[in-house]
Amino acid sequence: MNVLYNIMGLFSDMNIETYGFCNRQCSFCFNYEKYPQREKGIMNRNTYYKVINELSLMKFAGRIGLHHYGEPLLDKRLVKFVKFARQKCPKSYLEFASNIDFLTEKKLRDLINAGLNKIVATNYGDVENSNILKLVKKYPKFINYRNFNDITISNRAGALFNCKSRIQNKPCYKPSNQIIINWKGDVVLCCSDYNSNFIFGNVINNSIRDIWYSTRFMKIRVILKKRKGRTQIEMCKNCDSSPNKSTIITIFIKMCKNKIKKYVRKFL
């Protein structure tokens, strides 16, 4: 179904941040105190319901991630939100990324029963949490567990570390496949846009579809899909994010679809 959405020119992946606070201050994250802090808050529930209802009308069957830079498990509404999303978008893939500091077996079972597919769980501590390891062993289908020492740390569009990217010539497909909504309801450029440098609209006053197809958003996507396109956008110049194979495949499908359209028009 993700392939279908990419053929239609729509996003197949969404992150929606319902809770803007995090209990940790990791040195490789924007939430670390040495970096300028954004305004933090909690998404209005009506905003969340509006987004999910719109996805339902679109018959969305892609991925819905209930996270951005806040810790989802701190949101007391999380189980209700998962349940609502599952009811409205029964074919979607529901997950969220978490530091799992507040994960209990009861909470996990409640989330599973509500319709959650997966928790991307990262241990940011110096030692392994034995209780979490037990949950991982007991519920392997629902927890993707990893240690932060085993993952590649992103420079978050060059904003976190004083370094220059070596992949400026590579295109970026993230904004062509994914839509990011922060706790305010603002649609931002990508998962590295912590400070909302690019806001393409707010879902409170605009539909997701209108924002996605807005002239400015479409123009940015065209630029970033070009070789050296990153160099034309200040925020993206030193980003070290590289497209994965699945993203490249979905973009290739879009390109084929456009060529087919042009070919068909010749005979109409």
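Scroll up a little and you will see the structure.
Predicted model only: the values in this text are computed from it and were never measured.

## A look at the packing of helix H2 (residues 45-57) against helix H3 (residues 78-88)
Then, in step 1: Contact geometry for H2 and H3: axes closest at 9 Å, N-to-C directions at 20°. Classified by the angle between their axes, H2 and H3 sit roughly parallel to one another. Both H2 and H3 take part in a crossing whose hand is right-handed. Across the interface between the two elements, Arg45, Tyr48, Tyr49, Ile52, Asn53 and Ser56 from H2 touch Phe81, Val82, Phe84, Ala85 and Lys88 from H3.

## Quick word on the sheet that holds strand S2 (residues 63-65)
Then, in step 1: Strands sit in the order S5-S4-S3-S2-S1-S6-S7-S8 across an open sheet of eight strands; the sheet is mixed. The open sheet has two free edges, formed respectively by strand S5 (143-147) and strand S8 (199-202), since each of these has just one partner strand. Pairwise comparison of adjacent strand axes, ignoring direction, gives a mean angle of 20° for this sheet.
Then, in step 2: Across two bridges, strand S6 (residues 178-181) lies against strand S7 (residues 186-188) in antiparallel orientation. For isoleucine 181, the partnering residue across the bridge sits in S7 and is valine 187.

## As for the packing of H3 against helix H4 (residues 105-114)
Then, in step 1: At a minimum axis distance of 8 Å, the contact between H3 and H4 shows a crossing angle of 20°. Viewed along their axes, H3 and H4 adopt a mutual orientation that is roughly parallel. Of the two elements, H3 crosses H4, and the hand of that crossing is right-handed. Contacts between H3 and H4 involve Leu78, Val79, Val82, Lys83 and Arg86 from the first element and Lys107, Asp110, Leu111 and Ala114 from the second.
Then, in step 2: For the contact of H3 with H4, the per-class residue count stands at five nonpolar, no polar and four charged.

## Digging into unusual backbone geometry
What is expected of a backbone is that most residues other than glycine have negative phi and most peptide bonds are trans.
Then, in step 1: In this structure, lysine 59 is a non-glycine residue whose phi angle is positive, near 55°.
Then, in step 2: Of note in this structure, isoleucine 100 is not a glycine but carries a positive phi near 55°.
Then, in step 3: Checked against the element boundaries, isoleucine 100 lands in the loop between strand S3 (93-98) and H4.

## Points about the state of the cysteines
Then, in step 1: This structure, assessed with the given rule, holds zero disulfides.
Then, in step 2: Take cysteine 29: it sits in no disulfide, and the sulfur closest to it among the cysteines is that of cysteine 26, at 6.2 Å.
Then, in step 3: No disulfide involves cysteine 172; its sulfur sits 6.2 Å from that of cysteine 239, the nearest cysteine.
Then, in step 4: You can call cysteine 172 buried: its relative accessible area is 12%.

## Re the packing of aromatic side chains
Then, in step 1: Enumeration over the complete set of coordinates arrives at 18 aromatic pairs.
Then, in step 2: Arranged with centres 6.2 Å apart and planes meeting at 35°, the rings of tyrosine 124 and phenylalanine 148 form a pair that is tilted. With tyrosine 124 in the loop between strand S4 (118-123) and helix H5 (130-138) and phenylalanine 148 in the loop between S5 and helix H6 (174-177), this residue pair connects regions lying 24 residues apart in the sequence.
Then, in step 3: Classification of tyrosine 124 by relative accessible area gives partly exposed; the value is 23%.
Then, in step 4: With centroids separated by 5.4 Å and ring planes inclined at 75°, the aromatic side chains of tryptophan 212 and phenylalanine 217 adopt a geometry described as edge-to-face.
Then, in step 5: Relative accessible area serves as the criterion here: at 0%, tryptophan 212 is assigned to the buried category.

## With respect to the pattern of salt bridges
Then, in step 1: Inspection of the entire model under this criterion finds 10 salt bridges.
Then, in step 2: Here aspartate 101 ties to arginine 24 by a salt bridge, and the two come within 2.7 Å at their closest N and O atoms. Here aspartate 101 is found in the loop between S3 and H4, whereas its partner arginine 24 is found in the loop between strand S1 (13-16) and H2, with 77 residues between them in sequence.
Then, in step 3: Take arginine 24: its relative accessible area is 25%, and that puts it in the partly exposed class.
Then, in step 4: Across the pair glutamate 39 and lysine 184 runs a salt bridge whose closest N-O atoms are separated by 2.9 Å. Residue glutamate 39 is located in the loop between S1 and H2, and its partner lysine 184 is located in the loop between S6 and S7; the two are separated by 145 residues in the primary sequence.
Then, in step 5: Accessibility expressed as a relative area gives 35% for lysine 184, which makes it partly exposed.
Then, in step 6: One salt-bridge network, in which partners are shared between bridges, spans Asp13, Arg63 and Glu95.

What counts, and where the lines are drawn
Residues numbered from 1 in each chain as written. Predicted model: local features only at pLDDT ≥ 70, side-chain atom pairs only at ≥ 80, totals over all residues. Heavy atoms only, no water. Axes fitted to C-alpha atoms, helices over the stretch in contact; angles between N-to-C directions. Helix = DSSP H or I, 4+ residues; strand = E, 2+ residues; numbered from the N terminus. Parallel < 35°, antiparallel > 145°, perpendicular 65-115°, else oblique. Left-handed = near helix turned anticlockwise from the far one by under 90°. Contact = heavy atoms within 4.5 Å. Pairing = 2+ DSSP bridges. Nonpolar A, V, L, I, M, F, W, Y, C, P; charged D, E, K, R; others polar. Disulfide = S-S within 2.5 Å. Buried < 20%, exposed > 50% of the residue type's maximum accessible area, 1.4 Å probe, protein only. Phe/Tyr/Trp six-rings, centres within 6.5 Å; stacked < 30°, edge-to-face > 60°. Salt bridge = Lys/Arg side-chain N within 4 Å of Asp/Glu carboxyl O.

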